[in-house]
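# What the coordinates show
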Amino acid sequence: MSLDDWSRPLGADERVLSCADDAELAERSGDHVVVHAASGDVHRSLGEPARQRVTTAVSLDLIDCRVDHGRFRAAAHVLCRPVGSLSRWTGPITVVMVSGHIGRYEAAPRAHPGDGLLDVVEVSDAMPLRQRWMALRRSRTGTHLPHPHISMTRVRDLRRSYEQPMQVVIDGRPVGVTTHLDVAVIAAAYEFAV
């Protein structure tokens, strides 16, 4: 996908709204203005463009997320993991993303924030602790895949039910606990200045 397929030049007098992070990008996506963030996972996945030099608006996707207690939008990712302090090290983990990054980790190295698809990374409940630790370290560079206990798929929507309560974290903010996750992509939902 070339830049011409998902971008347009910014007008000289076109307003660009600055956002603090991915969560604010999702909140402001309905304002029908071009947005920019100086930090966050969407910003990182686009090569960390400087605000002073923006000349182009790119169309990016959002994640529509429905859980037991509500409906949310995410600009970067939805993380679903077991409740508790050891949640990174035990149980199943589901990460639905459009950006590919979660903080310093490159969980979905082939993700594209404007391709109309969700990138889903799922860690099996059966993955041993030592392998989880090694995969987490390797995910900083996106080299944790392929792995027999980690699956990577690209979809337009996804539904999951869990046997145990799962904590849901959207764009870095915990939103609650659920046993059902229902997500769908909202293609070309907003424009980001690069």
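Just above, that's the structure.
Overview of the structure. (Residues numbered from 1 in each chain as written. Predicted model: local features only at pLDDT ≥ 70, side-chain atom pairs only at ≥ 80, totals over all residues. Heavy atoms only, no water.)

### Topic: the overall build of the chain
Within the chain one finds three helices and eleven strands. Mapped in sequence order, the helices and strands of the chain form the string β-β-α-β-α-β-β-β-β-β-α-β-β-β. Against the 2.2 N^0.38 benchmark of 16 Å for 194 residues, the chain shows a C-alpha radius of gyration of 17 Å, consistent with a compact globule. Summarising its shape, the C-alpha atoms of the chain cover approximately 55 × 35 × 25 Å along the three principal directions. Looking at the chain as a whole, 46% of its 194 residues are labelled buried. Intrachain contacts of the chain at a sequence separation of at least 6 include 66% that bridge at least 24 residues. Accessible surface, the chain as shown: approximately 9,900 Å² in total, 50% of it carbon and sulfur. The centroid of the 23 positive side-chain charges in the chain is displaced by 7 Å from the centroid of its 24 negative side-chain charges. (Helix = DSSP H or I, 4+ residues; strand = E, 2+ residues; numbered from the N terminus. Rg over C-alpha atoms; globule rule 2.2 N^0.38 Å. Buried < 20%, exposed > 50% of the residue type's maximum accessible area, 1.4 Å probe, protein only. Contact = heavy atoms within 4.5 Å. Areas by Shrake-Rupley, 256 points an atom, 1.4 Å probe, with all protein chains shown as cover. Lys, Arg positive; Asp, Glu negative; His and termini not counted. Charge placed at Lys NZ, Arg CZ, Asp CG, Glu CD.)

### Quick look at the environment of Pro 113
Here Pro 113 shows up in the loop between β7 (93-97) and β8 (118-123). For the pair Pro 113 and Ala 187, spaced 74 residues apart in sequence, the C-alpha separation works out to 9.3 Å. If we ignore the near neighbours within four places in the chain, the residues touching Pro 113 are Ser 45, Leu 46, Leu 60, Asp 61 and Val 98.

### Quick notes on the side chain of Asp 171
Inspection of the secondary structure assignment puts Asp 171 in the loop between β10 (157-170) and β11 (173-193). We note that Asp 171 is buried and unpaired, the nearest opposite charge coming from Arg 173 at a distance of 7.7 Å. In terms of polar contacts, Asp 171 uses its side chain to reach the backbone amide nitrogen of Ala 75, at 2.7 Å. Beyond its immediate stretch of four places on either side in the chain, Asp 171 contacts Asp 22, Ala 23, Ala 26, Arg 73, Ala 74, Ala 75, Ala 76 and His 77. (Salt bridge = Lys/Arg side-chain N within 4 Å of Asp/Glu carboxyl O. Polar contact = N/O pair within 3.5 Å; in protein donor to acceptor, adjacent residues only side chain to side chain.)

### Here we look at the pattern of salt bridges
When their charged atoms lie close together, side chains carrying opposite charge are able to pair. Tallied over the full model, the rule gives 13 salt bridges. Bridged by salt links that share partners, the residues Asp 64, Arg 66, Arg 71, Arg 159 and Asp 182 form one connected network.

### As for unusual backbone geometry
With a phi angle near 60°, His 32 is a residue other than glycine that sits in the positive phi range. Tracing the sequence through the fold places His 32 in the loop between α1 (22-28) and β3 (34-37). Using a relative accessible area of 75% as the deciding quantity, one classes His 32 as exposed. In the Ramachandran plot, Glu 48 falls in the positive-phi region, its phi being about 55° despite a non-glycine side chain. With respect to the element layout, Glu 48 can be found in the loop between α2 (41-45) and β4 (56-67).

### Brief notes about the pairing of β3
Where burial is concerned, the two faces of β3 agree: the one with Val 34 and His 36 and the one with Val 35 and Ala 37 are both buried. Each parallel crossover has a hand, and the one from strand β2 (residues 16-19) via α1 to β3 is right-handed. (Right-handed = clockwise from strand over helix to strand, strands pointing away.)

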